[in-house]
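So you can see what is in the structure, the chains are spelled out below.
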Amino acid sequence: MAALTGTLLDLRAGERKVALLMGANYYLLLLFYYLMKPARDSLFLVELNPHQLPIVYILTALVAAPVTAAYARAGMKWRLHRLILLTTVVLVLNLIVLYWLIPASSDWVIYFFYSWVGVAGGLTTSQFWLQANGVFDAAQAKRIFPILGLGGIAGAFTGGEVTSFLVQNLGLQTQDLLLVSAAVLATAGVLGWLVWREKAVAQEAIPE
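In this report, the structure presented in the accompanying data block is examined. All of these numbers come straight from a predicted model, not from anything done at the bench. (Residues numbered from 1 in each chain as written. Predicted model: local features only at pLDDT ≥ 70, side-chain atom pairs only at ≥ 80, totals over all residues. Heavy atoms only, no water.)

## Points about the overall build of the protein chain
In step 1: A count of helices and strands for the protein chain gives seven helices and zero strands.
In step 2: If you list the helices and strands of the protein chain from N to C, you get α-α-α-α-α-α-α.
In step 3: Every one of the 208 residues in the protein chain was classed for burial, and the buried ones make up 40%.
In step 4: Intrachain contacts of the protein chain at a sequence separation of at least 6 include 79% that bridge at least 24 residues.
In step 5: For the protein chain, the accessible area works out to roughly 11,500 Å², and carbon and sulfur atoms hold 67% of it. (Helix = DSSP H or I, 4+ residues; strand = E, 2+ residues; numbered from the N terminus. Buried < 20%, exposed > 50% of the residue type's maximum accessible area, 1.4 Å probe, protein only. Contact = heavy atoms within 4.5 Å. Areas by Shrake-Rupley, 256 points an atom, 1.4 Å probe, with all protein chains shown as cover.)

Laid out in structure tokens, this is it:
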């Protein structure tokens, strides 16, 4: 099976486990985002007026700017694997807090959540590709990055279907999707950590 996978996906010995972990990670990150998007849109349209969307677009840009700047500063002080882990933990905790805040139906919570989803989606995707560039060299990237992209496409494609299944078949409320998304994001974080560990093991195995 490993040989067949390596042949089909052009993965060589020593690359397969890391590449498949990264592909699964990207799948989960896009699944997380496409679980959050319908939850965000549903809450906004139910609680607020669609005509207020331009306001929230501006708010998202205003929130994204300081977050990006803070992340860049943190990147100069922290090693990438620790920064990604810390960011993932913070985002998961954010979702848990938002899960408890949203029932209050305060306008500011809905505005914040809408902006949060956009910023979190961009941040997690950017982190993934930073990690991919840190894990694979240029030659590997040419072969492996398209495979990782397939994982992301699958996550985006199935995100809407998973959301529909959870809401229509399991009876979950929109608010409950936040906890599901937190679990998905936490799992992606674990896979990301496993990638770093596998990379470290592979480097230790290289003879000096």
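## Brief notes about helix α3 (residues 53–77)
In step 1: An ideal rise of 1.5 Å per residue puts 36 Å on 25 residues; α3 measures up with 36 Å between its terminal C-alpha atoms.
In step 2: Leu 53, Val 56, Thr 60, Tyr 71 and Ala 74 are the residues of α3 that are buried. (Expected span 1.5 Å × (residues − 1).)

## Considerations on the packing of aromatic side chains
In step 1: Overall, the coordinates contain ten aromatic pairs when judged by the stated rule.
In step 2: Here the aromatic rings of Phe 44 and Tyr 111 are separated by 6.2 Å at their centres, their planes lie at 75 degrees, and the arrangement is edge-to-face. Remark: Tyr 111 occurs in helix α5 (residues 107–135) and Phe 44 occurs in helix α2 (residues 16–47); sequence separation between them is 67 residues.
In step 3: A centroid spacing of 6.4 Å and a plane angle of 75 degrees characterise the contact between Phe 136 and Phe 145, whose relative ring orientation is edge-to-face. Of the two residues examined, Phe 136 and Phe 145, each falls in the buried class.
In step 4: Following the ring pairs from residue to residue traces out a cluster consisting of Tyr 26, Phe 128, Trp 129, Phe 136 and Phe 145.
In step 5: When the ring centre of Tyr 114 is taken as origin, the NZ or CZ atom of Arg 40, which lies over that ring, is 4.2 Å away. (Phe/Tyr/Trp six-rings, centres within 6.5 Å; stacked < 30°, edge-to-face > 60°. Lys NZ or Arg CZ within 6 Å of the ring centre and 35° of its normal.)

## Structural notes on a nonpolar patch on the surface
In step 1: Together, Leu 85, Val 89, Leu 93, Ile 96, Trp 100 and Leu 179 give the surface a local cluster of nonpolar side chains, amounting to about 580 Å² of exposed area.
In step 2: No other element matches helix α4 (residues 80–101), which puts five residues into the nonpolar patch.
In step 3: Its place among the elements puts Val 89 in helix α4.
In step 4: Exposure remark for Val 89: the relative accessible area of 40% places this residue in the partly exposed category. (Patch = residues over 30% accessible without salt bridge, like charges linked within 9 Å, V, L, I, M, F, W, Y side chains within 5 Å. Salt bridge = Lys/Arg side-chain N within 4 Å of Asp/Glu carboxyl O.)

## A closer look at the pattern of salt bridges
In step 1: Evaluated as defined, the whole model comprises two salt bridges.
In step 2: Among the ionic pairs, Glu 198 bridges to Lys 17, the shortest N-O distance being 3.2 Å. With Glu 198 in helix α7 (residues 176–205) and Lys 17 in helix α2, this residue pair connects regions lying 181 residues apart in the sequence.
In step 3: By relative accessible area, which is 18% here, Glu 198 ends up buried.
In step 4: Taking relative accessible area as the criterion, Lys 17 reaches 52% and is therefore assigned exposed.

## Observations concerning α4
In step 1: Taking 1.5 Å per residue, 22 residues should reach 32 Å; α4 reaches 31 Å between its end C-alpha atoms and fits that length.
In step 2: For α4, every residue scored as buried is listed here: Leu 83, Ile 84, Thr 87, Thr 88, Leu 91, Val 92, Leu 95, Leu 98 and Tyr 99. Viewed along the axis of α4, the buried residues span an arc of 165 degrees, placing them on a single side of the element. Away from its buried face by more than 90 degrees, α4 exposes Arg 82 and Trp 100. (Arc of directions from axis to C-beta.)

## Details of the side chain of Thr 87
In step 1: Secondary-structure assignment places Thr 87 in helix α4.
In step 2: Looking at Thr 87, its side chain comes within polar contact range of the main-chain oxygen of Leu 83, at 2.8 Å.
In step 3: When neighbours within four sequence positions are excluded, Thr 87 is seen to be in contact with Tyr 71, Leu 123 and Gln 127. (Polar contact = N/O pair within 3.5 Å; in protein donor to acceptor, adjacent residues only side chain to side chain.)

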